[in-house]
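The residues making up each chain are set out below.
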Amino acid sequence: MNTEEKKDVNPQTEPFEELSEEKINEQRQIRRDKLKALQEAGRNPFLVETWDVTAHSMDIKGNFEEMEGKTVSCAGRIMANRHMGKASFIDIQDKQGRIQCYVRQDAITPEEYAVFVTYDIGDIVGVVGEVFKTKHGEISIKAHELKLLSKSLWVLPNKFQGLKDMDIRYRQRYIDLVMNPEVKDTFIMRAKIIKEIKRFLEEDRGFLEVDTPVLTTIAGGANARPFSTHHNTLNIEMKLRISNELYLKRLIVGGLDRVYEMGKMFRNEGMDRNHNPEFTSMEVYQAYGNMEDMIDITENVVSKAALAATGSMVIEYQGKTFDLTPPWEKMTMQDAVKKWAGVDFDEIQTDEEARRAAIKCGIPRSEAKKMTRGHIIAELFEAHCEDHLDGPIFIIGHPVEVSPLAKRDPVDPRITRRFEAYINRWEVANAFSELNDPIDQYQRFKEQQAQLEAGDDEAHPMDEDYVNALEVGLPPTGGLGIGIDRVIMLITNAASIRDIILFPTMKPL
């Protein structure tokens, strides 16, 4: 039979038809029965330990002229099969993509062929054969050896509809990766982004990657609600870290002048398309650096990551275009409030004046009377300005009241040497010229501790050991935190943070 004629034969549709739960259970039982028969015949696939893979699908297709006529050994999951008497076609999927295999009874022996035709969609096989091209132009492998390496006992979703239920996709990422090749591409891009960020910091800027504790007795470095746990041996309450900032700055005190850490942070807060309780963040600290150095690093980290992953510093995200090429725009928080909230704080100097303005802007009187001028600027910025910051843009000049770890501005001590970077109206980075005055730091911690004791469970707790480290002496230092997951969302055009986390947090069924 001509191989090109066989390619046009209708595919076997039974494994991919719409199946009821009863039918699925029936099919799963059939697969278990097939496995039992294989085991009784001495062909237990789960005893196979290895397969020598010499080529992958896209390597073969991309280098056909070089590969044509050569014998290759491949392995992958059966995603389609077409049985026609004494010859068959199967499509196998490996880490690179799919490739067609042509299997004839006289090439692998009638006994092996009889076993082969019992294989199911989803089974993992090893194939040895010759690379060739059909008259229809399909690059394929003409098999002369085929072996079952693992038996799939699960019925994969309909190949035409795919796996579309997002809840199932996140819970059963292993099936999502099998059925939706673009998902695998997203996580390959994620790896490229992370690799480029680390390369830039280490090779271009001389930073050292370090590890700091995930379990701590004080969850510091940010204003957020931590997860709590208990250490049985020490009989103490501990927290999962919300930030690694204070530990990294301790290392700067110790003489490690340029350090960074990328890792998991944990915040016991809300969940939405941009927030997962467990997320990846990176913090960078440079002795003898300042806020401007951190601006330079932020622009380069994000733009170079986009270039490495997509080939361009101009990205498309959900119908919008963002040019990440440095330099980015800068605006003070006070100017943003003037532009979008309509309140000019150049003319408002006292807390009482600010409270009156806050009430006019809709902040309840009971809340406004507890706020200072700085708190109100920050509140109006969050309420009226963030939704306008498509960016990329740096917001600078944060009030000292909301920046307990940042150095005061030498010209206006009411604000700090701090910035937040925004892209697509999201905060993607936060950085300071770090506060290294231990007396000032202690007083700010005291004020935050009072807020914590008054019921603000996101206020920063007192950390006397960190103050002690500052007393030893922290050099002028620039510090930066980047939300790695948000950067990856933007570069990969992912609609939800769950799309770029392999196993996002889900409520148990």
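Residues numbered from 1 in each chain as written. Predicted model: local features only at pLDDT ≥ 70, side-chain atom pairs only at ≥ 80, totals over all residues. Heavy atoms only, no water.

Of the regular secondary structure elements, the protein chain holds 18 helices and 18 strands. Whereas a compact globule of 509 residues would reach a radius of gyration of roughly 23 Å, the protein chain reaches 30 Å, over 25% beyond that. Referenced to the eigenvectors of the C-alpha coordinate spread, the extents of the protein chain come out at roughly 90 × 50 × 50 Å. Counting every position in the protein chain, which comprises 509 residues, the buried fraction comes to 49%. (Helix = DSSP H or I, 4+ residues; strand = E, 2+ residues; numbered from the N terminus. Rg over C-alpha atoms; globule rule 2.2 N^0.38 Å. Buried < 20%, exposed > 50% of the residue type's maximum accessible area, 1.4 Å probe, protein only.)

This paragraph deals with the sheet that holds strand β5 (residues 139–150). Strands belonging to one sheet form pairs held by backbone hydrogen bonds; the direction of such a pair is parallel or antiparallel. The five strands lie next to each other as β1-β2-β3-β5-β4, forming a closed barrel whose pairing is mixed. Along the sheet, successive strands turn relative to each other by an average axial angle of 55°, direction set aside. Note: strand β2 (residues 87–93) against strand β3 (residues 98–104), seven bridges, orientation antiparallel. Bridge assignment links Gln 93 to a residue of β3, and that residue is Arg 98. (Pairing = 2+ DSSP bridges. Axes fitted to C-alpha atoms, helices over the stretch in contact; angles between N-to-C directions.)

Here helix α11 (residues 291–310) contains 20 residues, and its C-alpha end-to-end distance of 28 Å stays within 8% of the 28 Å for a straight helix at 1.5 Å per residue. Among the residues trailing α11, Gly 311 stands out with phi positive, at a value near 85°. (Expected span 1.5 Å × (residues − 1).)

The next point concerns the environment of Glu 138. Here Glu 138 shows up in the loop between β4 (124–133) and β5. The class of Glu 138 is partly exposed, set by a relative accessible area of 26%. When the C-alpha positions of Glu 138 and Lys 61 are compared, they lie 9.3 Å apart, and in sequence the two are 77 residues distant.

Along the chain, Ser 433 turns up in strand β17 (residues 426–433). Once residues lying within four places of it in the same chain are set aside, the contact partners of Ser 433 are Asn 290, Met 291, Ala 406, Lys 407, Arg 417 and Thr 477. (Contact = heavy atoms within 4.5 Å.)

What follows is about the side chain of Arg 82. Summarising the element assignment, Arg 82 is placed in strand β1 (residues 71–84). Here Arg 82 falls in the buried class, since its relative accessible area comes to 7%. Among the polar contacts made by the side chain of Arg 82, one reaches the side chain of Asp 91 at a distance of 3.2 Å. In this structure the side chain of Arg 82 is engaged in a polar contact, spanning 3.3 Å, whose partner is the side chain of Gln 100. (Polar contact = N/O pair within 3.5 Å; in protein donor to acceptor, adjacent residues only side chain to side chain.)

Turning our eyes to something else, we now look at the packing of aromatic side chains. In this structure the tally under the stated criterion is nine aromatic pairs. Between Tyr 113 and Phe 116, the ring centres sit 5.6 Å apart and the planes meet at 50°, which makes this aromatic pair tilted. Highlighted residues: Tyr 113 and Phe 116, both in helix α6 (residues 110–116), separated by three residues, approximately one helical turn. A residue is classified by how much of its surface remains accessible, and Phe 116, at 1% relative accessible area, is buried. Seen in terms of ring centroids, Trp 328 and Phe 394 are 5.2 Å apart; in terms of plane orientation they differ by 20°. Their pairing is stacked. Highlighted residues: Trp 328 in the loop between β13 (320–323) and β14 (329–332) and Phe 394 in strand β15 (residues 393–396), separated in sequence by 66 residues. (Phe/Tyr/Trp six-rings, centres within 6.5 Å; stacked < 30°, edge-to-face > 60°.)

On average, residues of the protein chain score 92 in pLDDT, and 95% of them are at 70 or above. Here residues 1–17 is a poorly scored stretch, pLDDT under 50, and it has 37 contacts once near neighbours within four places are set aside; other chains count. (pLDDT = per-residue confidence, 0-100.)

Structurally, Ile 497 can be placed in the segment after α18 (484–492). Taking relative accessible area as the criterion, Ile 497 reaches 2% and is therefore assigned buried. Distance in space between the C-alpha atoms of Ile 497 and Gln 349 is 41 Å, their sequence separation being 148 residues. If near-sequence neighbours (up to four positions away) are discounted, Ile 497 is found in contact with Asp 272, Arg 273, Asn 274, His 275, Asn 276, Asp 485 and Met 489.

On to the pattern of salt bridges, then. If you walk through the whole model with that rule in mind, you get 30 salt bridges. For the salt bridge of Glu 203 with Arg 199, the shortest nitrogen-to-oxygen distance reads 3.7 Å. A residue pair is termed a helical-turn pair when its members lie 3 or 4 positions apart in one helix, as Glu 203 and Arg 199 do in helix α9 (residues 181–204) at four residues. The residue Asp 390 makes a salt bridge to Lys 320 at a minimum N-O spacing of 3.2 Å. Of the two residues, Asp 390 is situated in the loop between α15 (373–384) and β15 and Lys 320 in strand β13; the sequence distance between them amounts to 70 residues. A relative accessible area of 27% means that Asp 390 is categorised as partly exposed. Taking relative accessible area as the criterion, Lys 320 reaches 27% and is therefore assigned partly exposed. Within this structure, Lys 34, Asp 120, Asp 123 and Lys 151 form a network of salt bridges that share partners. (Salt bridge = Lys/Arg side-chain N within 4 Å of Asp/Glu carboxyl O.)

Further remarks concern the sheet that holds strand β9 (residues 236–240). Overall, antiparallel pairing links the three strands, which are arranged β7-β9-β8 in an open sheet. Because the sheet does not close on itself, it has two edges, and the strands there are β7 (215–216) and β8 (228–231). Across four bridges, β8 lies against β9 in antiparallel orientation. In the strand pairing of β9, Ser 228 is matched with Lys 239.

With that out of the way, let us pick up the pairing of β15. With burial as the criterion, each face of β15 is covered, one bearing Ile 393 and Ile 395 and the other bearing Phe 394 and Ile 396. One ladder, built from four bridges, connects β14 with β15; its direction is parallel. Residue pairing across strands places Met 331 opposite Ile 395, the latter belonging to β15. Bridge count between β15 and strand β16 (residues 418–423): four bridges; the pairing is antiparallel. Opposite Phe 394, over in β16, you have Ala 421 as the bridge partner.

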